[in-house]
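# Observations on the three-dimensional arrangement
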Amino acid sequence: MTTTSEPAPQPRTTAPGAEHRTRFFDHRIPSLYAGRYRIDNRQVLEDLDGADRVIDATPQPFDVVQPRFSFDPTGINAQFPVPDAVGTYSQTLAHINLDAPGLPWNRPLGPDQPPAVPWMALLLFREDELPEDPDAVGLVKTGTVRQLLDGGHGAGKPPALPPESLRPDEYEEQCATVLVPKDLFDAVKPLPAEMGYLAHLREGGRPDATRAGTDPEPDEGELNAVLVANRFPAATGGRHVVHLVSLEGFDRHLTTPAPAEGVRLVSLASWSFTTEPDSGIGFGDLAQHLATADGVTARPADDLRLRVPTTAPANPAGPQKEALDRMAGGAVALPQRLETGERTLAFYRGPLTAQPARKLPDPAATRLDSPGEALIYLQHYGVFDTTYAAAFTTGRTLALADADFRTALLAFRSAARSAARRLASHPGLATRTVTALTGRHLTAPLAFEAFDRLLLDGDERAGGARLVQALNQAGPQLRAGRRRTAARTAARTRRSIGDARAVLAQPGVAALLTQAAPDEFAKVTAWLDALRRLELLSLSHLVPDPRALPAESIRFAYLDPGWVRAAVDGALSVGVGHTLDADLNALATGGGPVPKCAVLINSSLVPNWPNTIVAAYQGTGAVEPVRDAVFGLETRLLLYPEVIDRFELAEPPRGLCFGIGDVGTIELREITGDRIGHPKGEFPQPAGFARFLRPGGRDVLNVDGTGDALLPALSQAHGVPRISSAQFALQMINAPQAQTFSRP
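In short, a report on the structure. Note that the structure is predicted; figures quoted are calculated from it, not measured. (Residues numbered from 1 in each chain as written. Predicted model: local features only at pLDDT ≥ 70, side-chain atom pairs only at ≥ 80, totals over all residues. Heavy atoms only, no water.)

Strand order in the open sheet formed by 5 strands is E21-E24-E25-E29-E28, with antiparallel pairing between adjacent strands. Lying at the two open borders of the sheet, with one neighbouring strand each, are strand E21 (352–353) and strand E28 (627–631). (Pairing = 2+ DSSP bridges. Helix = DSSP H or I, 4+ residues; strand = E, 2+ residues; numbered from the N terminus.)

The subject of this paragraph is the pattern of salt bridges. The full count for this structure, using the stated rule, is 34 salt bridges. A salt bridge links Arg36 to Asp63; its shortest N-O distance comes to 3.0 Å. Taken together, the residues Arg36 in strand E4 (residues 35–39) and Asp63 in strand E7 (residues 60–64) connect sequence positions 27 residues apart. Under the relative-accessibility criterion, Arg36 is labelled partly exposed at 41%. The salt bridge partner of Arg349 is Asp560, with a shortest N-O separation of 2.8 Å. Taken together, the residues Arg349 in the loop between strand E20 (343–348) and E21 and Asp560 in the loop between strand E24 (553–559) and helix H18 (561–572) connect sequence positions 211 residues apart. On the basis of relative accessible area, Arg349 is assigned to the buried category, the value being 10%. Residue classification places Asp560 among the buried positions, given a relative accessible area of 3%. (Salt bridge = Lys/Arg side-chain N within 4 Å of Asp/Glu carboxyl O. Buried < 20%, exposed > 50% of the residue type's maximum accessible area, 1.4 Å probe, protein only.)

Geometrically, the link from Phe683 to Pro684 is a cis peptide bond, its omega value of -5° lying close to zero. Tracing the chain through its elements places Pro684 in the loop between strand E33 (679–683) and helix H21 (710–718). Cis geometry marks the peptide bond from Gln685 to Pro686; its omega dihedral reads 0°. A positive phi angle, near 65°, is found at Asp128, a position not held by glycine. Within the secondary structure, Asp128 sits in the loop between strand E12 (120–126) and strand E13 (141–144). Here Asp128 falls in the exposed class, since its relative accessible area comes to 67%. With phi around 65°, Leu534 is a residue other than glycine that occupies positive phi space. By the secondary structure assignment, Leu534 is in the loop between helix H16 (518–532) and helix H17 (539–542).

Right, let's talk about a negative patch on the surface for a bit. On the surface, Glu46, Asp47, Asp49 and Asp52 cluster together to form a negatively charged patch. For Asp49, the location among the structural elements is in the loop between strand E5 (42–46) and strand E6 (52–56). Given the relative accessible area of 61%, Asp49 is considered exposed. (Patch = residues over 30% accessible without salt bridge, like charges linked within 9 Å, V, L, I, M, F, W, Y side chains within 5 Å. Areas by Shrake-Rupley, 256 points an atom, 1.4 Å probe, with all protein chains shown as cover. Lys, Arg positive; Asp, Glu negative; His and termini not counted. Charge placed at Lys NZ, Arg CZ, Asp CG, Glu CD.)

Below, the discussion takes up a nonpolar patch on the surface. A surface patch of nonpolar side chains, about 240 Å² in accessible area, is lined by Leu32, Ile39 and Phe62. With respect to the helices, strands and loops of the structure, Ile39 is situated in strand E4. According to the relative accessible area criterion, Ile39 is partly exposed, its value standing at 46%.

With that settled, consider the packing of aromatic side chains. Pairs of aromatic rings are described using the distance from one ring centre to the other and the angle between the two planes. Per the stated rule, a full pass over the model turns up 12 aromatic pairs. Relative to Phe62, the ring of Tyr37 lies with its centre 5.5 Å away and its plane at 15°, an arrangement referred to as stacked. Note that Tyr37 is positioned in strand E4 and Phe62 in strand E7, a separation of 25 residues in sequence. Judged by relative accessible area, which is 27%, Tyr37 ranks as partly exposed. We classify Phe62 as partly exposed; its relative accessible area is 31%. Ring geometry for Phe556 versus Phe741: centroids 5.7 Å apart, planes at 55°, classification tilted. Here Phe556, found in strand E24, pairs with Phe741, found in strand E34 (residues 737–742); they are 185 residues apart in sequence, far enough to count as distant. For the pair Phe556 and Phe741, one class covers both residues: buried. Every member of this aromatic cluster is reached through a ring pair, and the members are Phe80, Tyr89 and Phe273. Directly above the ring of Tyr617 sits Arg646, whose terminal nitrogen or CZ lies 4.1 Å from the centroid. (Phe/Tyr/Trp six-rings, centres within 6.5 Å; stacked < 30°, edge-to-face > 60°. Lys NZ or Arg CZ within 6 Å of the ring centre and 35° of its normal.)

Here's what the structure looks like:
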């Protein structure tokens, strides 16, 4: 099967017609921030003589109470990576999903900060970075808020909170804190301008919105606040801890250097996970290598066929062209020893072909009774093509090696042979309509059948059933010495095999004979169907030369129905004693269809991503595989009932998360019009995300700082002055990557 590959992996996104939809919103600014307030009421009474009287009511203080130093952990909807997870996360930005949609914006970060800037942020730390938690397992200092503000939690500057903003009962609340050294805080802290882009609202609900600008209002029950970290885990692996921290009271240190003693941050929530060392080769890299030779140029279609690569002369002719044509179809040249003892070479291939199989010569198109009948002799060149002879021998060898199949086959043929002979020997059965015959007529003792006829047959007007007639006539016949006539005796003589074969040729009888031993027949047909799906063959049968399927490769192939039929004939040749047995074999050859094409993948994708999603299409319709099997550790075979037009490998789904792909890119997604969220190309070009990291080697994302920042580059790629935080989140979704292969 000829294919071409797209030049690079493509992220896979949910289509608009999916069962659920996801929408992103920038922020939720409260009408009244959390804090302490006072209502002052003044009334002015105007006197008739012009003198006004002012009445001041008693001030009414009130508090807007929202979490500040801690909150109920049941309010956490999701975390990624999940707590205590182990995996390769070096390209993923951790995030936390909160049930309360307005929590990150329910109080101002500082007096001079815009309302869209949240007061909390998600910070990621590695092993040996936090002095009080060197193993990055989530250790914190606990105590009251009063102790924190008085320096009782230990080293590090506490938050500078105005005393008037604290309620009396807040001083006695318990809180958890972490000490972040000065240099570390300055390296990982988000800028206020970046914090608004690292937080957004997410709505997941029913797909009741289809066009931009006409969507209904957000569903309050489906809204969640999401905060994303600005730092990637270490590519070298190790333990990491994530803290959801309050930056209230530290707003001025976000744009100026931190104090020398470091800062003591309130930790509202934390969890840890372990990332494994990143080899630098991920799903996207491997999938891209299957499709391209250099990461950009798609492999030629001929490189994706299942055959041994060859170097052909410029103008091959004669024997060269014949050999090259056969090798182009997937055949290999192997040594052969003839029955006469001479040594030569012969062509051979398995059931998988690089091109549609040639039409078989007429002698080989009939039923095969021996491997010699399946040999193809290339008289002009004096060599054989042993493909179908080897298939016959393979099927016969597999059948001989399987005692259960062999026993079922012989038992079925024995029962069917007896049934055919019974039909030939008893004209009374043979002349019945096929619809009136059942398996019982073919297998039950004839005495039972005759007794049933005595009970049921006969004309009541002539004296009742035949049993009554027989009893009434038995005495006189015995006294008279009457015996069976010679004609009746001759009619019951045993018929020859030729007569049985003639009965088998009658319409409808062949299907009836399968009922002679239904259980054994079912076993035989199930085994042969497994052979048609190549389930009984080893990888060496499918790929006779490993050069046709090298390491880290994908190959497409057709299935040769002639090869499969020869293997089936070989399996059914076991125990054939005469032509009637050979005719009965035809009853078992009407099983399931032979698959029409195959995909073979030899790659570390197979063991390392066992849940890889595969999808095949013919036109616009999906085609499901009839078989999906793994040979050894790294070879996967997929068989399809139709020749497919497109094949896709997609990374296993892992939920909605943020980050970059294996090849150092993200997928740009439409942000306007009726196709919001649809892919529009990879970013950046050329690939490589290192340019968007802050200097210092700590893998911190430069969202909107000095130098080469990500936010301006994304805005420029979309042709807008500045994308919003929801649009930024849409771009940073780390969707599973996919690689597509298409037929020209």
